[in-house]
Amino acid sequence: MFILDRRHLLSLAGAAVGASLLHKPARAAIGEAQVHTASDAGALVDSVVILGDESAVLVDAQFIAPEASALADLIAASGRRLDTVIISHYHPDHILGLDVILQRFPEARAVTHPKIRPLIEQSVAGMLAQFSAGAPEGVFAARAHIPDALEADHVLLEGERIEVLEPIHGDTDLISPVLIPSLDTLIASDLLYQNVHVWVADNTTPDRVQAWRDSLDQLEGMGAGTVIPGHRTADSPDGSAAFAWTRDYLDQWDAALAEAGNADELRAAMIRGREDVGFALAVDRAVAAVYPE
């Protein structure tokens, strides 16, 4: 039922290390980042595996169990141990797969920004119960997990910093982007989308949409060379195009909110020009937020 689409941004580099290479020059501990992009059934969500020499850090844990299992396979294939899982925000598509990950890597520690942890604590069990009800066996993980609150503004991967940035407003109020300075890479989570419908259900007023635009300006001003959005198609590039896609979508949403007179008009306005775009559930939920049945 579920087709798993894997996205590997960079292939793993492998080399036999013999006695003659014992004095090779040291390299940075963080060597690369790999992305698993879920299928449409898994909400097209991105999880990022950051690889050191011997260990790894994961950002976000997927939504459905089959996608979390595929993500765990990716980590296992790297030959690294998983040290830390960073959860960027409380939405279910970024955390409900955490049980699958921790079952595979029980020594890993799950963490989140201290401002985000209370939101997860209040919601994660209910979200899992809601989505599991009536779903086929094996679609969702068996248990909900609450990450620990980070004690600092970063985690270390073999001595190198991975910055867990202050939460800002995106598709929900508090999302913590993650910056990998040594790779010039920004993991934007659900502040950015690309080539998919955008979850705007929590942004139904002009001031909230403007707050999201302000966050985009802040992130783009960081000038990261590689930008990884929270949701996209697997063939999307890792550049700045996600900023334009997200801004254009917010402009379309703003105009639709101002002009539509009913649910059908609002839905038609958001589908127009994006008829073949994935994650259409986001449109249904956005319309329902404005025109509840």
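Below, the structure is looked at part by part. This structure is a prediction, so every number in the text was calculated from the model and none was measured.

Notes on the packing of helix H5 (residues 206-220) against helix H6 (residues 241-259)
- Between H5 and H6, the least distance of the axes is 11 Å, while the angle of their chain directions is 165°. Relative to H6, the element H5 lies roughly antiparallel. The handedness of the crossing between H5 and H6 is left-handed. Across the interface between the two elements, Pro206, Val209, Trp212, Arg213, Leu216, Asp217, Leu219 and Glu220 of H5 pack against Phe243, Thr246, Arg247, Leu250, Asp251, Trp253 and Asp254 of H6.
- A breakdown of the residues in the contact of H5 with H6 according to their chemical character gives eight nonpolar, one polar and six charged.

Considering the packing of aromatic side chains
- Tallied over the entire structure, the rule returns five aromatic pairs.
- Measuring from centroid to centroid gives 5.1 Å for Phe63 and Phe131, while their planes differ by 85°, and the two rings are edge-to-face. Here the residue Phe63 occupies a position in the loop between strand E3 (55-59) and helix H1 (65-78), and Phe131 occupies one in helix H4 (residues 117-132), the gap between them amounting to 68 residues.
- What makes Phe63 buried here is its relative accessible area of 11%.
- The class for Phe131 is partly exposed, based on a relative accessible area of 28%.
- Measuring from centroid to centroid gives 5.3 Å for Phe63 and Phe140, while their planes differ by 70°, and the two rings are edge-to-face. Of this pair, Phe63 sits in the loop between E3 and H1 while Phe140 sits in the loop between H4 and strand E6 (148-149); the two residues are 77 residues apart in sequence, bridging distant segments of the chain. For the pair Phe63 and Phe140, one class covers both residues: buried.
- Here the aromatic cluster, defined as three or more aromatic residues joined through ring pairs, consists of Phe63, Phe131 and Phe140.
- Between the NZ or CZ atom of Arg274 and the centre of the ring of Trp245, over which it lies, the distance is 4.8 Å.

What to know about the pairing of strand E5 (residues 109-112)
- Across four bridges, strand E4 (residues 81-87) lies against E5 in parallel orientation. Residue pairing for E5: Thr84 is matched across the bridge by Arg109.
- Across two bridges, the pairing between E5 and E6 is parallel. When the sheet's bridge partners are listed, Thr112 is paired in E6 with Ala149.

Digging into the environment of Thr37
- Here Thr37 shows up in strand E1 (residues 32-37).
- Along the backbone, Thr37 and Gly230 are 193 residues apart, and their C-alpha atoms lie at a distance of 9.2 Å.
- In terms of polar contacts, Thr37 uses its side chain to reach the side chain of Asp46, at 2.5 Å.

Describing helix H8 (residues 281-290)
- Three or more residues of H8 are buried, namely Ala282, Val283, Ala286 and Val287. Buried residues of H8, seen end-on, are gathered within an arc of 130° and therefore sit on one face of the element.
- Where the residues of H8 are buried, they touch H6 and helix H7 (263-271).

Analysis parameters
Residues numbered from 1 in each chain as written. Predicted model: local features only at pLDDT ≥ 70, side-chain atom pairs only at ≥ 80, totals over all residues. Heavy atoms only, no water. Axes fitted to C-alpha atoms, helices over the stretch in contact; angles between N-to-C directions. Helix = DSSP H or I, 4+ residues; strand = E, 2+ residues; numbered from the N terminus. Parallel < 35°, antiparallel > 145°, perpendicular 65-115°, else oblique. Left-handed = near helix turned anticlockwise from the far one by under 90°. Contact = heavy atoms within 4.5 Å. Nonpolar A, V, L, I, M, F, W, Y, C, P; charged D, E, K, R; others polar. Phe/Tyr/Trp six-rings, centres within 6.5 Å; stacked < 30°, edge-to-face > 60°. Buried < 20%, exposed > 50% of the residue type's maximum accessible area, 1.4 Å probe, protein only. Lys NZ or Arg CZ within 6 Å of the ring centre and 35° of its normal. Pairing = 2+ DSSP bridges. Polar contact = N/O pair within 3.5 Å; in protein donor to acceptor, adjacent residues only side chain to side chain. Arc of directions from axis to C-beta.

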